[in-house]
Amino acid sequence: MIGEAQTGTGFGGLARYLATGQRGDRPERVEWAEARNLPTTDPDTYPAMMRATARMSRRVQDPVFHFSVSWPVDEQLEPDAMAGVADQTLSDLGLSEHQSVIVCHNDTEHPHLHVMVNRVHPETGKAWPKWRYKTRLERSLKTQERELGLQEVPGRLSRVLSFGERLKKRAEGGFDVNALVAWGKDKIGELRQFIRPHFDEASSWNDLEDRVSERGLGIHGKGQGLIFSDGKGFAKLSQVGGKRHRLAMLEARFGDWKSYEAERKKSGGPIRRGDLLLHVEEQEEIDRRLSRRRGRDRDDDDRER
């Protein structure tokens, strides 16, 4: 399965596109549609309901979350199975209680569906955090491929590891910024073009990380500065930010980086170690198992003595 995702500001425009296409003249391409936490799939009705819910949050600027899932041409799933993938993905992302509409299209050879979600929770009024949403989406789909016995499509942003692999990675020390290879001028120039507008537009460290994750990148502390890395190569902040986007200037806008990084790890967000993403609860489980293993090793040593 291949997933794509983005956030946006308007419910009505996306609803019309899903229902009738770019020009508004292709309603026949909708194979089926289902709603979650909404009473209707009528594109003339549910956008207003979603907008009313979105107004419960005064801060959210982009309340629309839209993702699509597509399958290979030779992998034809029944509607119930496709809807099941959409529901599991919503659950994995923490969006199962949010308003959403699932629309399956038949205008391509390969099966695919779209899911439009309201980021604002209909009861709490809190906005769903966008933290590396593309990586989280891909991670969910890779897991489901294995569980459902579907064709496994190589991922671009994340890799689903077994518990044993995660344990081994943790024991070996995981991500090492000093082992990365510095990128050349061409790569840095390309990254500079991509990232500089985001330095100006980002509103926080979290927002900046969310933006660079679209390129499969993470932000890491290295020495007294920052680097941007895909887990293999890296570029320094000074190389891509220039004089206008030094660490001190970014910290003046976003706050102290090290404090943010420490808080991020405590908050339950993903921890990046190269191409490995671990959630805090998984990290704790790994630590517990390592502790039990060390305890067994000590017991064995005592018996040998």
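Position numbers for residues start from 1 in each chain and track the written sequence from start to end. Two thresholds apply to this predicted model, a pLDDT of at least 70 for residue-level local features and 80 or more for giving and counting side-chain atom pairs, whereas whole-chain, interface and lining totals are computed over all residues. In computing side-chain properties, one takes all heavy atoms of the structure into account and sets aside hydrogens as well as water.

(A) Layout of the overall build of the protein chain. The numbering of helices and of strands both runs from the N terminus, where a helix is a DSSP run of H or I of at least 4 residues and a strand a run of E of at least 2. What the protein chain contains, in helices and strands, is eleven helices and eleven strands. Think of it in three bands: with a 1.4 Å probe and only protein chains considered, a residue is buried below 20% of the maximum accessible area for its type, exposed above 50%, and partly exposed in between. A buried classification covers 46% of the 305 residues belonging to the protein chain. Long-range contacts, defined here as pairs at least 24 residues apart, represent 70% of the contacts in the protein chain between residues at least 6 apart. Methods summary: accessible areas were calculated by the Shrake-Rupley approach with a probe of 1.4 Å, and residue burial reflects only the protein chains presented. As displayed, the protein chain has an accessible area near 16,500 Å², and 45% of this comes from carbon and sulfur atoms. Residues are treated as being in contact if the distance between any of their heavy atoms lies within 4.5 Å.

(B) Layout of the sheet that holds strand β6 (residues 181–182). Paired strands are those between which DSSP finds at least two bridges. If you walk across this open sheet you meet the four strands as β6-β9-β8-β7, and the pairing is mixed. Of all strands in the sheet, those with a lone pairing partner are β6 and β7 (218–222), marking the two edges.

(C) Structural detail: the environment of Ser 238. Examined against the element boundaries, Ser 238 turns out to sit in helix α8 (residues 237–241). Sequence separation between Ser 238 and Ile 227 is eleven residues; the distance between their C-alpha atoms is 8.7 Å.

(D) Local environment of the packing of helix α6 (residues 185–201) against helix α7 (residues 205–212). Only the stretch in contact is used when a helix axis is fitted, and all axes are lines through C-alpha atoms; the angle between N-to-C directions ranges over 0 to 180 degrees. Viewed as axis vectors pointing N to C, α6 and α7 meet at an angle of 155°, and their least axial separation amounts to 10 Å. With respect to α7, the axis of α6 lies roughly antiparallel. Classified by chirality, the crossing of α7 by α6 is right-handed. Where α6 abuts α7, its residues Phe 194, Ile 195, His 198, Phe 199 and Glu 201 lie against Asp 207, Leu 208, Arg 211 and Val 212. For the contact of α6 with α7, the residue count by class is five nonpolar, one polar and three charged. Throughout, the term roughly parallel applies to angles under 35 degrees, roughly antiparallel to angles over 145, roughly perpendicular to angles from 65 to 115, and oblique to all others. Crossing chirality is assigned from the near helix's rotation relative to the far helix, an anticlockwise turn below a right angle marking it left-handed and a clockwise turn marking it right-handed. Amino acid classes used here: Ala, Val, Leu, Ile, Met, Phe, Trp, Tyr, Cys and Pro are nonpolar; Asp, Glu, Lys and Arg are charged; the rest, including Gly, are polar.

(E) Seen up close, unusual backbone geometry. One non-glycine residue, Asn 37, lies in positive phi territory at about 60°. Note that Asn 37 resides in the loop between β2 (30–36) and α2 (46–54). Look at Asn 37 and you get partly exposed, because its relative accessible area is 44%. One non-glycine residue, Arg 132, lies in positive phi territory at about 45°. By relative accessible area, Arg 132 is classed as buried at 2%.

(F) Here's a closer look at the packing of helix α3 (residues 79–93) against helix α4 (residues 133–148). Interaxial distance between α3 and α4 falls to 10 Å at its minimum, and their mutual angle equals 130°. Relative to α4, the element α3 is oriented oblique. Seen from above, α3 lies across α4 with right-handed handedness. Note on element contacts: α4 touches α3 through Arg 136, Leu 137, Ser 140, Leu 141, Gln 144 and Leu 148, opposite Gly 84, Val 85, Gln 88, Thr 89, Asp 92 and Leu 93. Among the residues forming the contact of α3 with α4, the class breakdown is five nonpolar, five polar and two charged.

(G) Quick look at the nonpolar core. The biggest cluster of nonpolar side chains holds 25 residues, and the ones touching the most others in it are Phe 65, Phe 67, Val 69, Trp 71, Leu 113 and Val 115. The set of elements that each furnish at least two residues to this core consists of β3 (64–70), α3, β4 (100–105), β5 (112–118) and α4. It is α3 that provides the largest number of residues to this core, a total of six residues. Sequence-distant contacts of Phe 67, that is, excluding residues within four places in its chain, are made with Glu 4, Ala 5, Ala 86, Thr 89, Leu 90, Leu 113, His 114, Val 115, Val 117 and Leu 137. Each nonpolar core is a collection of buried residues, namely Ala, Val, Leu, Ile, Met, Phe, Trp, Tyr and Cys, held together in the definition by side-chain atoms within 4.5 Å. By size, the runner-up hydrophobic cluster in this structure holds 23 residues, among which are Trp 183, Ile 195, Ile 219 and Phe 254.

(H) Region of the structure containing the sheet that holds β5. In space, the five strands of this open sheet follow the order β1-β3-β5-β4-β2, with antiparallel pairing throughout. Both edges of this open sheet fall to β1 (2–8) and β2, since each of them pairs with a single strand only. The mean inter-strand angle of the sheet, taken between neighbouring strand axes irrespective of direction, is 15°. Here β4 pairs with β5 via six bridges, running antiparallel.

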